[in-house]
Amino acid sequence: MRRVGGAVLAVLVGVLVAACGVEEPPAPAPPPEQGQVELPPRPREVRLDGVDPCSLLTEEQRAELGLDARPVSTQSPVSLYEGAEVPLCTIGGFTPRAVTAGVSLVTSVGIERFTSGQLAAEIRPTVVRGFPAVLAIPTRFADYCTVVVDVAPGQLLDVQFATGGRQPPIPQPQLCEDAEVVAAEVMMTLLAR
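Residues numbered from 1 in each chain as written. Predicted model: local features only at pLDDT ≥ 70, side-chain atom pairs only at ≥ 80, totals over all residues. Heavy atoms only, no water.

Caption draft 1: Representation of the pattern of salt bridges. Under the definition given, this model contains 5 salt bridges. A salt bridge links Arg 42 to Asp 150, with the nearest nitrogen and oxygen atoms 3.1 Å apart. Taken together, the residues span a long stretch of sequence, with Arg 42 in the loop between α1 (2-21) and α2 (59-65) and Asp 150 in strand β6 (residues 144-152) at a distance of 108 residues. Arg 42 gets classed as partly exposed once you look at its relative accessible area, which sits at 25%. What makes Asp 150 buried here is its relative accessible area of 7%. (Salt bridge = Lys/Arg side-chain N within 4 Å of Asp/Glu carboxyl O. Helix = DSSP H or I, 4+ residues; strand = E, 2+ residues; numbered from the N terminus. Buried < 20%, exposed > 50% of the residue type's maximum accessible area, 1.4 Å probe, protein only.)

Right, here's the structure in full:
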């Protein structure tokens, strides 16, 4: 009986020693939780501190986008961005259709605000001028669409495109396409600085 116990102990020690010498592959990263969105890394940082949002669409770009009203710059607290004062440029368009574009430069919250799965919006990953972004499609309203671009840690570019109230309203999928076009133009200007 002693020999059997010794043999079992010897086998057990041998297995443990062998297991210590074998490297196991690293465990795969856990999948994102339901509703979370994963984005690729940004190619570089583009800081928004001190940038005037109304300077990010040139007169030519605004004309091409059908934004023919004078840009209006404001700054106010936004609860979505932890109540921080957010610089916003609003530009309307009336010809050939009634629309409004809003460009906000957020320096208080990063893209994680939109990728956590905690907003009342359908979030779709996209890329704008090589930078990771999300298309945020509101689930309660159909009169606007938002593109949010990850430009730096704790900073994001928020571009909204909304119908201007004429009938028939612009379908939300078109508003989302237009928001992506405006975001691409804003990023082009921002990257050229």
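Don't stop here, the text continues.
Caption draft 2: Spotlight on the environment of Glu 45. For Glu 45, the location among the structural elements is in the loop between α1 and α2. Here the alpha-carbon distance between Glu 45 and Gln 155, two residues 110 residues apart in the chain, equals 9.5 Å. Sequence-distant contacts of Glu 45, defined by excluding residues within four places in its chain, comprise Val 151, Ala 152 and Pro 153. (Contact = heavy atoms within 4.5 Å.)

Caption draft 3: Quick peek at the packing of aromatic side chains. Across all of its chains, the model carries 1 aromatic pair by this definition. With a centroid separation of 6.2 Å and an interplanar angle of 50 degrees, the aromatic rings of Tyr 81 and Phe 114 are classed as tilted. Here Tyr 81 is found in the loop between β1 (72-78) and β2 (84-93), whereas its partner Phe 114 is found in helix α3 (residues 112-115), with 33 residues between them in sequence. Neither residue differs from the other here; Tyr 81 and Phe 114 are each classed as buried. (Phe/Tyr/Trp six-rings, centres within 6.5 Å; stacked < 30°, edge-to-face > 60°.)

Caption draft 4: Structural context of the pairing of strand β7 (residues 155-163). The buried fraction of β7 amounts to 8 of the 9 residues, a majority that puts the element mostly inside the structure. The pairing of strand β3 (residues 99-106) with β7 spans 8 bridges and is antiparallel. Across the sheet, residue Leu 105 finds its bridge partner in β7, namely Leu 157. Counting the residues that bridge the hairpin from β6 to β7 gives 2 residues, and of these Gly 154 lies at a positive phi of roughly 70 degrees. (Pairing = 2+ DSSP bridges.)

Caption draft 5: Up close: the environment of Arg 124. By secondary structure assignment, the location of Arg 124 is in strand β4 (residues 121-128). As a C-alpha pair, Arg 124 and Ala 136 span 12 residues in sequence and 6.7 Å in three-dimensional space. Excluding residues within four positions of it along the chain, Arg 124 makes contact with Ala 133, Val 134, Leu 135 and Ile 137. A distance of 2.7 Å separates polar atoms of two side chains, one belonging to Arg 124 and the other to Glu 122. (Polar contact = N/O pair within 3.5 Å; in protein donor to acceptor, adjacent residues only side chain to side chain.)

Caption draft 6: Molecular detail of the state of the cysteines. Counted according to the given criterion, the structure contains 2 disulfides. Note on cysteine connectivity: Cys 54 is disulfide-linked to Cys 89, with sulfurs 2.1 Å apart. Taking the sign of the S-S torsion, about 105 degrees here, the bridge from Cys 54 to Cys 89 comes out right-handed. Note that Cys 54 is positioned in the loop between α1 and α2 and Cys 89 in strand β2, a separation of 35 residues in sequence. There is no split in this pair, since Cys 54 and Cys 89 are both buried. (Disulfide = S-S within 2.5 Å.)

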